[in-house]
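Topology and contacts: notes
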Amino acid sequence: MCTTQLDGSFFENSTLFSRLDRATLDGLARLCRRADMKAGEILFCQGDRSDGCYIVLDGVLSIYARSPEGDETLLALLAAGDVIGEMGLIDGMPRSATATALKPCTLAFLGTGNFNRFAEDYPAVYRQMLGIVSTRLRVTNDVFAAYLQLPLGGRLAHVMLQLAACLGHPLDDGRIIIRQKIT
C-alpha cells in the first residue's frame, strides 16, 4: 500500500465527517494520507491494533468477521464516502473485523494520534462522531433483529442485493451481473 498527501475536498462526501464546517474539514484533510490498495489486498485483520480510520475515496471494501471455528460473516460492503475503523478512534480496542479490497481502492487514512490532537481543539468532531456512531448502532440493532427473523433464503437475498448495489453491472435487459469472484 503506497501513501501520499491528499488535497482537502474528499471529506465532503464522507458519511462520518460531511456535516462539519469547511475549515474543520480542511484541517482534518491535512492530517490524512492517501493509501492505494490492489484488489484482494487486506487493509487490516480482525484483532489487529487500531491505529486510525480510513475514508473510502474510490473502490469497494468487504468487511467480514471470522468466528473461532473459522466461518466468515459478511458485515458490510463499503464504497466511496464510507468510513471504516472509526470505533477504534473512540475506544482504542482491536479491530472488530477484517477489511479486504474487492476492487482497487483509494483511501484516506487518519491516524488516531493526529485525530485526538485535532479533536481536542475542535470538539464538534467528537459530537459528530458520537452522533453517527449512535445512529449506526441503532440501525444495526434494527437490521439485526429483522435479519434474524428472515429464513435462510431471505438472508441470502439480502446479501445478493448488497453485492449488486456495490459490485453490480446493469445489463441491457434489466438484469444485473456481478463480475466479482466471491468466496
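Two side chains with opposite charge may pair up if their charged atoms get near one another. One pass over the structure, following the stated rule, counts 4 salt bridges. Across the pair Arg95 and Asp51 runs a salt bridge, and its minimum N-O distance is 2.9 Å. Residue Arg95 is found in the loop between α2 (86–91) and β8 (98–101), and its partner Asp51 is found in the loop between β3 (42–44) and β4 (52–58); the two are separated by 44 residues along the sequence. Ionic pairing is found between Arg175 and Asp173, a salt bridge with its closest N-O pair at 2.8 Å.

Quick look at the pairing of strand β9 (residues 105–111) now. A large share of β9 lies buried, amounting to 7 of its 7 residues. Residue alternation in β9 divides its side chains into two sets, Cys105, Leu107, Phe109 and Gly111 and Thr106, Ala108 and Leu110, and both sets are buried. Across 6 bridges, the pairing between β4 and β9 is antiparallel. Its bridge partner lying in β9, Asp58 is registered against Thr106.

Conventions used here
- Residues numbered from 1 in each chain as written.
- Predicted model: local features only at pLDDT ≥ 70, side-chain atom pairs only at ≥ 80, totals over all residues.
- Heavy atoms only, no water.
- Salt bridge = Lys/Arg side-chain N within 4 Å of Asp/Glu carboxyl O.
- Helix = DSSP H or I, 4+ residues; strand = E, 2+ residues; numbered from the N terminus.
- Buried < 20%, exposed > 50% of the residue type's maximum accessible area, 1.4 Å probe, protein only.
- Pairing = 2+ DSSP bridges.

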